Structures are given as C-alpha cells and as structure tokens.
Amino acid sequence: MTEDSAETVSFPRLFARTQRFTLGVPRNLTVSPDGARVTFVRTPSGTSRTGALWVFDVESRAERVVADPEELLAGAAEQLSAAERARRERSRESAAGVISYATDREAQRAVFALSGQVWVSDLGGGATRALPTAGGVIDPRPSPDGRRVAYASEGALRVVVIEGGSDEALVEPDADTVVWGQAEFVAAEEMERQRGYWWAPDGRSLLVERYDESCVPVWHISDPAHPDVAPVEHRYPAAGSADADVSLWHVQLDGERTQVRWDAAAFPYLGRVSWTEHGDPLLQVMSRDQRDSLVLAVDLAGGETRTVRELHDDVWLDLVTGVPAWAPDGRLVTCEDSADTRRVCLDGEPLSPPELHVRSVLDVGDDGVLVSASREPTETQLVRFGYDGAADELTSGSAVHSGAASGGTTVLTRGALDADGVRVTVTAAGMTTELANHQEYAGFRPQVSMLRGGERELRTAVLFPRDHAPGSRRLPVVMHPYGGPHAQLVLAASRPFLQPQWLADQGFCVVVADGRGTPARGHAWERSVRDRLAQVTLTDQVDALATVAAAYPDDVDTGRVGITGWSYGGYLAALAVLARPDVFHAAIAGAPVTQWRLYDTFYTERYLGHPDEQPQVYDANSLAPLADRLTRPLMIIHGTADDNVVFAHTLQLSAALLAAGRPHTVLPLSGVTHMTPQEVVAENLALVQLDFFARALAVDAPAAVG
C-alpha cells in the first residue's frame, strides 16, 4: 500500500483514479482443484486500470505474471467493441486489460478477452498467445478438457480449436434482433447472470441461450452535446412492456441443435443454468411475477425437462448465485427461505442453521457446500457445510470476507474497520502467505461508529470530522444512503466509508443507514418494501436520523439536514425533500429513478407489481406527483448517456417541478453513463456537491478540500 499519491492529489480525484481504492488488489481469485495454484487478476499499481493475469504457486509461495496486456499488445491501445462496452456497463466494470478470465477443469489453461481477441495462457509456466478469431470477442470460455474455446461475437457463438486454430460459427443469428450465447439485458442487469452459454462436462456440446429482442421497445440514447451524432437505438424492457424472448438450446460441435423445452409462457425468465458431471443439466426458470420458480433437469436426448423442485413465495422469490446444483451424491442443492432466513437445502431439507443467512453459494464439491453467509448483516463469513450438516467456519470476527477454497488451499479476502483497504491471503498446509497488494492509501482511515437504530435496529454508521471534539459544536448532517432493496452500504470494512469520511471532514456529520429491504436481515425484512418502496425506505432514513440525534445531542444539528445518493439513493434523496421537508433541508439526487414506469421489468415488477394491474402503486412511489411540494434546495445530477436509469427520469421530474413553479438545479453530465469513472468529472462533481451542501446547510467553516 502506497502513501505518496495522497500528498499530491485531492481525495476526490484519487477516489476516482483508484476506482474507489479497488485497483492494485488481487481479485477474481481461482484455486485449482489440486490446490497447487491460485490464479487472479491484479493491476500493477493502485492507480493503473490495466489488469494482468497472475498465478501464485502454493508450494514455492511465489507469484508470477502470466499475461501482461502491455506486453501482449506491444503498447498499442486496447480496442473495445460497442457490445463489450455495454457488457461492462451491465457489470459496472470500468477497468481495462485483463478484467476476467475462465479456466479449464484442472485450471491448467486460462482464457480471456483482450482488445477484441481471444488469448490463452498456460498456467503451468508456458506462453500466452492470441487465437485466430472473427469479430469482437465477448466472454470466451475454454471447454473443460482445455481443447477448445467458445466465445460470443456479433450475435453468434463461435468455437476455436486451441491447437490448430480452426474457428467456426456454431450458431448464428437469423435476424438483427437475435443474439446467441449472451445474457439478455435484465439477466445481466438484475439477475446477476452475466453469461449466456455453458460447456458440457465432456466438452463435446454446449447449452446456449438464444434471445430475440424484436418485441422489446426501442428507446434512443442521444448525446445532446453532439447533435450531429445520430441517437443510438437501445432495446429497453421497461416495466409493463415485453421482455426479450429467451430460449435455451443444446448445441453439438457440428452445429446440430435441439431446443430445451419448458413452459416458457408461464416461466419466461431463465434465471440459472448449471451443468456438471454429477447429473443432467439444471435450469431455474421463473414466472413473470417472480412468485413461482421451477428447478428443471434436462433430458439431452430430446430436450425435454422434468421438474425436480418447485418453489413459491407469496411476495417474490430470490435467485441465488451458485445454485441450483447437484451434489456429488446426486442430491439437489438449493437455497430457500426457511425460519425467516435463507438456508442451504439438500433435496428441500435445510442444511445450514436458521441463525446464518446465506448470501451466495461459492462451491458445491466433494467435501461440502462453501457459502458466503452472515450472522450479523454488517459482516460476511465463509462457511463450508458438510453433507452431514457439520459446519467448518473458515473466517470469523467483525469483518467482510470473500474467497475460494479447493484441494486443501484457501484464499481469503478480508476488509475490516480496523484496517486500511483489504488483505488477500493464501493458506495451505498450515502456512499463510499474503498476496502482494498495490492498493493506494487514502491518507486516512475512516472513524466509524456503528449504531442500531430504533425498534428495528437499523444498522447505521456515523462519521464526524476526524478532528471533531465531542460536544464542541453541533454539525449539519448529511445522510448518505443507497437505501434500496438488495443492496447494502453499512458493512464492517473501512473502504466503503472513505468517501463519507472525506465528506465528514469538510464539516458534517455523515450518516449511512441500511433500512428495510437491504440484504441479510431475513425474508420478512426484505419483503416489507413490496408496493411501498417510498414509504418504507424513507421512514427508515428518518428513524436512523432520530437515532443519531438521540445518541449525539450535542454534536448534530437536526435543523440542518441534507441527503445525497446515487441511483436508488438518488431517488431516495429527491423523495426526502419532496415528502419530508420538515426533516430534510437539502438534497442532491444522482441518477435518480423518478418514474418507475421507466425502469426495467425484472427489478420494478418484483417490488411494485405490473403497472397495468397496479397503476396506483406506481403513482404512489414515483416522484412527479410530489413536484408541487418542493420547498427545499434540490440538485439533480444525471449522465446523458445512461442506458440503465435513462436521462428521461431527470428531464421528466424537472419538467414537473418547472410546471409547478418550483426552483431546482439540474446538472447534466455530458456523455456519462450510470457510472462516472472519469477523474476530472468525478473530482469536480464532488466539489460541486460540497459547495451545494455548504451553502444550503450553512457550514460554519470553509471546507478544507483534501
């Protein structure tokens, strides 16, 4: 970890340059089945965005680079196709170089995309080379035996032989709106399913998604700053409209294909696909209202499916990463809600205890099921459950852990409030080695106080200026939530609080609170937001503020309260000053959802139902009907190129405010998407927001922007 950059670069610029202090950290960790190697991606510094592929040899405890993009491209600039840029936007990926990779079954070879080409690395110490391919490469993956690589390109799925180099299209689109081998928009954006094809365990065939967007509404994303450039057509499945028509096909290497059949009219969403040597391929499909789901096994001979598990929830069901899957003994592994928590189940019977909320399944192997889970929602632990129910807790303590394990080797990532950034360690044969870490030092460590607010014990983080003496002065408050369902900010790690601490150091008490709907608090907690997003999530922010005021009566001034957030947090910020001006005195809303009919099907209908069936619910949760109630300063910030929360959200709210005669500020970010990775934009944006709050909340002293 280096400290020199913090002395010469302002924090807002360093925050952007380091991609929120994530660069330089080993990530995308894979342990080989024999435990001999750990493969990972790491940038050469905490400010370089160009990732390289590395291997850690467990026996020698030495690291070596196996694919350096600077060398592979001989210094040439990386080229990305429009499809690859869109894919990275869906996954919120703004790094460069090697950003992801896939390995064969034994982790002998790794395959990745770089500058539109397929590259293959011999992880045992051999060379890295490009394979002859056609078009811009997306999501290359080797066959389990390491002999071939499949990849998506220009709507087709292609296969190239590694030794010999023959490259052929396996399946090709028959219309401009048809795509093979990629995840459709809502799967990538909302289902956490980024891939669209799956190799057979024997490497002789694949399951391939085909989607047709011809029925999806066409929207246009324009660049108002460049009127000479034609708008880009974008198929967007807004709430209540048609989704892409998704099907799955079993495709042989000679191109022969068979459609996998299920009742797609009743279950149109393809949520999960799993294909291992332990049994027939598994699918999880889901109804449009997300209340019913089937786990299906596929008969490859004819494409028929049989139901192996039916799931139902009266409100909604969640898709969980890593399941469904077959255990080695043929039992079905799922995650299901039971006793108001999420549990690992074997053939429907709970394997994990009710006090442990399972977030995701990391591996289903011979020695059990490895999960990421929480007893306390601000913490995450890694636990392996044997098939007899025995639990092996690989981590402990107040921290946020992630990692992987195989063949007696465990690699762990740990972040905590008492540490700067994260540490990545490899443990094998009783010895632990820390992987080299080039993350930048922010120049300070956040000073975070954790509270549990009110009767609902809202997890709430409080940050004061680091030089604040308790009781010396009453500071204005800035609430800094995301606050929406299925996302979490209050975690027992320092890195998430770097930006809030910087803001606090400018003369504020910053409060970050997770209300109802956020993860790891149980089934009823998450589903209490159904049909009432606005009411429930705003109430919890008000209650969190009251908790802070009661805990620090001599340190906070509840007569000067601001609120800021991005995406759902932006929606919540605008809602706060519109609906509760008695509590909130100024707001900055970043890329806010202002009209839920303009957001996508899968996310919106999960929480608000279908707009044709519940129009009053959409009206009650959207912001335009509240426009005439604005009496507080409101700044709305939005990227004009945003294809997720489109710029129309801000334009429509602004028009409603203007029609109601309510002054407000709109700051358009020309050419910026839902992410704002550009250094200069991010830095100046932070300074503009700071100035806005300083004026609106009458900060006592001039801000010391460090």
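These figures come from a predicted structure and were not determined experimentally. (Residues numbered from 1 in each chain as written. Predicted model: local features only at pLDDT ≥ 70, side-chain atom pairs only at ≥ 80, totals over all residues. Heavy atoms only, no water.)

Before going further, it helps to spend a moment on the overall build of the protein. Within the protein, the secondary structure is distributed over 13 helices and 44 strands. Projected onto the principal axes, the alpha-carbon positions of the protein cover approximately 70 × 60 × 60 Å. Looking at the protein residue by residue over its 706 residues, the buried ones come to 58%. Across the protein, contacts joining residues at least 24 apart in sequence account for 59% of those joining residues at least 6 apart. Only carbon and sulfur atoms are counted for the fraction: they give 48% of the accessible area of the protein, which is about 26800 Å². Considering the protein, the positive charge centre built from 62 side chains and the negative charge centre built from 96 side chains are found 3 Å apart. (Helix = DSSP H or I, 4+ residues; strand = E, 2+ residues; numbered from the N terminus. Buried < 20%, exposed > 50% of the residue type's maximum accessible area, 1.4 Å probe, protein only. Contact = heavy atoms within 4.5 Å. Areas by Shrake-Rupley, 256 points an atom, 1.4 Å probe, with all protein chains shown as cover. Lys, Arg positive; Asp, Glu negative; His and termini not counted. Charge placed at Lys NZ, Arg CZ, Asp CG, Glu CD.)

Judged by pairing direction, the sheet is antiparallel, and its 4 strands sit side by side in the order 21-22-23-24 without closing on themselves. Strands with a single pairing partner mark the edges of an open sheet, and in this sheet they are strand 21 (269-274) and strand 24 (305-312). Strand-to-strand twist in this sheet, taken as the mean axis angle between neighbours without regard to direction, amounts to 20°. As paired elements, strand 21 and strand 22 (residues 282-286) share 5 bridges and run antiparallel to each other. (Pairing = 2+ DSSP bridges. Axes fitted to C-alpha atoms, helices over the stretch in contact; angles between N-to-C directions.)

With that out of the way, let us pick up the environment of Ala339. Residue position: Ala339 is located in the loop between strand 26 (332-338) and strand 27 (341-346). We classify Ala339 as exposed; its relative accessible area is 55%. It is 8.6 Å that separates the C-alpha atoms of Ala339 and His523, two residues lying 184 residues apart in sequence.

What follows deals with the packing of aromatic side chains. Here the structure, examined in full by the defined rule, presents 21 aromatic pairs. With a centroid separation of 5.7 Å and 65° between ring planes, the pair formed by Phe692 and Phe693 is classed as edge-to-face. Using a relative accessible area of 7% as the deciding quantity, one classes Phe692 as buried. Three or more aromatic residues joined by ring pairs form one cluster here, namely Trp316, Tyr482, Tyr568, Tyr571, Trp596, Tyr599, Tyr603 and Tyr607. In this structure, Arg42 is placed above the aromatic ring of Trp54, and the distance from its NZ or CZ to the ring centre is 4.3 Å. When the ring centre of Trp525 is taken as origin, the NZ or CZ atom of Arg521, which lies over that ring, is 3.8 Å away. (Phe/Tyr/Trp six-rings, centres within 6.5 Å; stacked < 30°, edge-to-face > 60°. Lys NZ or Arg CZ within 6 Å of the ring centre and 35° of its normal.)

Okay, empty space enclosed by the protein next. This structure, assessed with the given rule, holds 3 cavities of 30 Å³ or more. The volume enclosed by the largest cavity comes to roughly 100 Å³. If you trace the largest cavity, you find 14 residues lining it, with Asp420, Gly421, Glu440, Ala442 and Leu498 closest to the centre. Considered as a void within the structure, the second largest cavity measures approximately 40 Å³ in volume. Its residues placed into classes, the lining of the second largest cavity shows 3 nonpolar, 2 polar and 3 charged. (1 Å grid on protein atoms, 1.4 Å probe; cavity = no way out; pocket = protein on both sides within 12 Å on 5 of 7 lines; lining within 4 Å. Points joined across faces, edges and corners; volume = space filled by probe spheres on them. Nonpolar A, V, L, I, M, F, W, Y, C, P; charged D, E, K, R; others polar.)

For helix 6 (residues 498-505), a buried count of 6 out of 8 residues is recorded, marking the element as mostly surrounded by other parts of the structure. Within the span of helix 6, buried status applies to Leu498, Pro500, Gln501, Trp502, Leu503 and Ala504. Along its buried surface, helix 6 packs onto helix 2 (11-17), strand 38 (458-463), strand 39 (475-479), strand 40 (509-514) and helix 13 (679-696). Once helix 6 finishes, Gly507 follows within two positions and takes phi at roughly 115°, a positive value.

The subject of this paragraph is unusual backbone geometry. Residues apart from glycine generally show negative phi values, whereas peptide bonds are mostly found in trans. A cis amide bond, omega 5°, links Val323 with the succeeding residue Pro324. With respect to the helices and strands, Pro324 occurs in the loop between strand 24 and strand 25 (325-326). If you check the backbone angles, Asn28 has positive phi at about 50° while not being a glycine. Among the structural elements, Asn28 can be located in strand 1 (residues 27-31). Despite not being glycine, Asp340 shows a phi value in the positive range, around 60°. By relative accessible area, which is 42% here, Asp340 ends up partly exposed.

So, about the nonpolar core. Within the largest apolar cluster, 75 residues are counted, with the highest numbers of intra-cluster contacts made by Met479, Phe584, Trp596 and Leu634. Among the elements that make up this core, the one with the highest residue count is helix 9 (residues 568-579) (9 residues). Of all hydrophobic cores here, the second largest spans 33 residues; its members include Phe15, Val448, Leu685 and Phe692. (Core = buried A, V, L, I, M, F, W, Y, C linked by side-chain atoms within 4.5 Å.)

The next thing to look at is the packing of helix 8 (residues 533-551) against helix 9. Packing of helix 8 against helix 9 leaves a shortest axis separation of 10 Å and a crossing angle of 80°. With respect to helix 9, the axis of helix 8 lies roughly perpendicular. On helix 9, the residues touching Leu533, Ala534, Thr537, Leu538 and Gln541 of helix 8 are Tyr568, Tyr571, Leu572, Leu575, Ala576 and Ala579. Here the contact of helix 8 with helix 9 is composed, by residue class, of 9 nonpolar, 2 polar and no charged. (Parallel < 35°, antiparallel > 145°, perpendicular 65-115°, else oblique.)

With respect to the helices, strands and loops of the structure, Gly271 is situated in strand 21. When the C-alpha atoms of Gly271 and Ala301 are compared, they prove to be 23 Å apart, with 30 residues separating the residues in sequence.

Take the environment of Leu489 next. One can find Leu489 in the loop between strand 39 and helix 6. Since its relative accessible area comes to 31%, Leu489 is described here as partly exposed. Once the C-alpha coordinates of Leu489 and Asp582 are considered, the two residues, 93 residues apart in sequence, prove to be 25 Å apart.

In this section: the confidence of the model for the protein. Interpreting fine coordinate detail is not advised for predicted regions of low pLDDT. Considering every residue of the protein, the mean pLDDT works out to 94; 95% of them sit at 70 or more. Segment residues 1-7: pLDDT under 50, and 16 contacts once partners within four positions in sequence are set aside and those in other chains are kept. (pLDDT = per-residue confidence, 0-100.)

Attention now moves to the side chain of Thr601. Checked against the element boundaries, Thr601 lands in helix 10 (residues 601-608). Dropping the residues within four chain positions of it, Thr601 is found in contact with Val186, Pro237, Ala238, Ala239, Gly240, Ser241, Asp243, Tyr269, Arg288 and Arg606.

Once that is clear, we can look at helix 12 (residues 648-659). Each α-helix turn comprises 3.6 residues. Residues three or four places apart therefore point the same way. The first and last C-alpha atoms of helix 12 sit 16 Å apart over 12 residues, in line with the 16 Å expected at 1.5 Å per residue. When helix 12 is considered as a whole, its buried residues turn out to be His649, Thr650, Leu653, Ser654, Ala656 and Leu657. Viewed along the axis of helix 12, the buried residues span an arc of 160°, placing them on a single side of the element. Residues of helix 12 that are exposed and angled more than 90 degrees away from the buried face: Leu658 and Ala659. In the core, the buried residues of helix 12 are packed alongside helix 9, strand 43 (634-639) and strand 44 (665-669). Note on helix 12: the residue one or two positions beyond its end, Gly661, has a positive phi of about 70°. (Expected span 1.5 Å × (residues − 1). Arc of directions from axis to C-beta.)

Okay, the side chain of Gln541 next. Note that Gln541 resides in helix 8. Exposure remark for Gln541: the relative accessible area of 1% places this residue in the buried category. The residues contacting Gln541, other than those within four sequence positions of it, are Met479, Pro481, Gly483, Ala513, Leu572 and Phe584.

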